[in-house]
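Close look at the chain arrangement
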Amino acid sequence: MSIGRGTAERLPSDRPALSIDEAQAAVLRRARPLPVETWRLDAAAGCALASDVFATVTLPPWDNAGMDGFAVRAQDVLGATEDAPRALRVIGHIAAGGTEAPSVSSGMAVRIMTGAPLPDGADTVVRVEDTRVVSTERGDGEQVLIVHDRDARTASRNVRPRGEDITDGALVARAGDTLTPALLGVLASIGCASVDVHRRPRVVIAPSGDELLPLDAIDDVRAGRGIIGSSTFALEALLRATGAEVRVLPVLPDDPELLRDALGRALEDDCDLL
């Protein structure tokens, strides 16, 4: 936001000071949104969105495995135990980046990795910890023994359905939201390459006080001749963390004319906030 310039609000003669809430309200009454710019997503961290963002894709785009294991039909593994396993023929393998897999029919299983699309015919993924792979006696392939059916009441377990995270057309972020690392990741996942944001605020910090000393004057602090201007460092870090562009003036002395001149020049130098 930008704080408008002009004559400072004057206090009534019978009001020597403002409360904190009143002071904050006086500042915010002069605040205005900063101009809107379009930025590449990878450069917009910390900025505030100027418009809503809607998804143009569905995520995940397909039903996919939530665990490494075997894609099967739930009815083929109901009630499986260590003592009474269900034996299924392994007919293929699909990795997370795979796009093709054989269809699963009765008595079949497909080895599957987390994130891989669920093959046709399968409705459940049995995690690998609940299986044992063995060779068939005929030597014509593998069998998987389902040794533990953890939830016989529920099909589709360990399956992340299409659209579980985001659906096409859904509101993903609102105008005013700060582009945090997490939100940047979400916008990247929907292919949002650029965003409309409010320009970063340009802030000038003007430390003042004859008692303030630079960092290398610690001997003077020990001798009681002043203090380090530590608040400037904290304030600059806080402002930069919000995405502001910050300029710090040299420490200003306790001289009204010098203060007035320095602050006036700071405001004339395209400063949004002093």
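Residues numbered from 1 in each chain as written. Predicted model: local features only at pLDDT ≥ 70, side-chain atom pairs only at ≥ 80, totals over all residues. Heavy atoms only, no water.

So, the overall build of the protein
Regarding its fold elements, the protein presents six helices and 18 strands. Taking all 274 residues of the protein together, 32% fall into the buried category. Per element, the accessible surface of the protein, about 16300 Å² overall, is 53% carbon and sulfur. (Helix = DSSP H or I, 4+ residues; strand = E, 2+ residues; numbered from the N terminus. Buried < 20%, exposed > 50% of the residue type's maximum accessible area, 1.4 Å probe, protein only. Areas by Shrake-Rupley, 256 points an atom, 1.4 Å probe, with all protein chains shown as cover.)

Structural notes on the nonpolar core
Residues Leu-49, Val-53, Leu-179, Leu-187, Ile-190, Val-195 and Val-197 are the most contacted members of the largest nonpolar core, which totals 17 residues. Of all elements in the fold, only α3 (181-189) and β14 (194-198) reach the threshold of two or more residues within this core. For this core, the element with the most residues is α3, which contributes three residues. (Core = buried A, V, L, I, M, F, W, Y, C linked by side-chain atoms within 4.5 Å.)

Some thoughts on the side chain of Thr-232
If you trace the backbone, Thr-232 turns up in helix α5 (residues 230-241). Those residues in contact with Thr-232 that sit more than four places away from it in its chain are Ile-205, Pro-207 and Val-248. (Contact = heavy atoms within 4.5 Å.)

A word on the pairing of strand β11 (residues 142-146)
Sheet analysis places strand β7 (residues 86-94) next to β11, joined by four bridges and oriented antiparallel. Looking at the pairing, Ala-87 lines up with Leu-145 of β11. In the sheet, strand β10 (residues 131-135) pairs with β11 via five bridges, with the strands oriented antiparallel. Counted as the bridge partner of Arg-132 is Leu-145 from β11. (Pairing = 2+ DSSP bridges.)

Let's talk about α5
Between its first and last C-alpha atoms α5 spans 17 Å; for twelve residues at 1.5 Å apiece the expected length is 16 Å, and the two agree. Just beyond α5, the residue with positive phi is Gly-243, at close to 95°. (Expected span 1.5 Å × (residues − 1).)

Digging into the confidence of the model for the protein
In this model, the protein carries a mean pLDDT of 88, and residues with pLDDT of at least 70 account for 90%. Confidence over residues 3-8 falls short of pLDDT 50; this stretch has 13 contacts with residues more than four positions distant or in other chains. (pLDDT = per-residue confidence, 0-100.)

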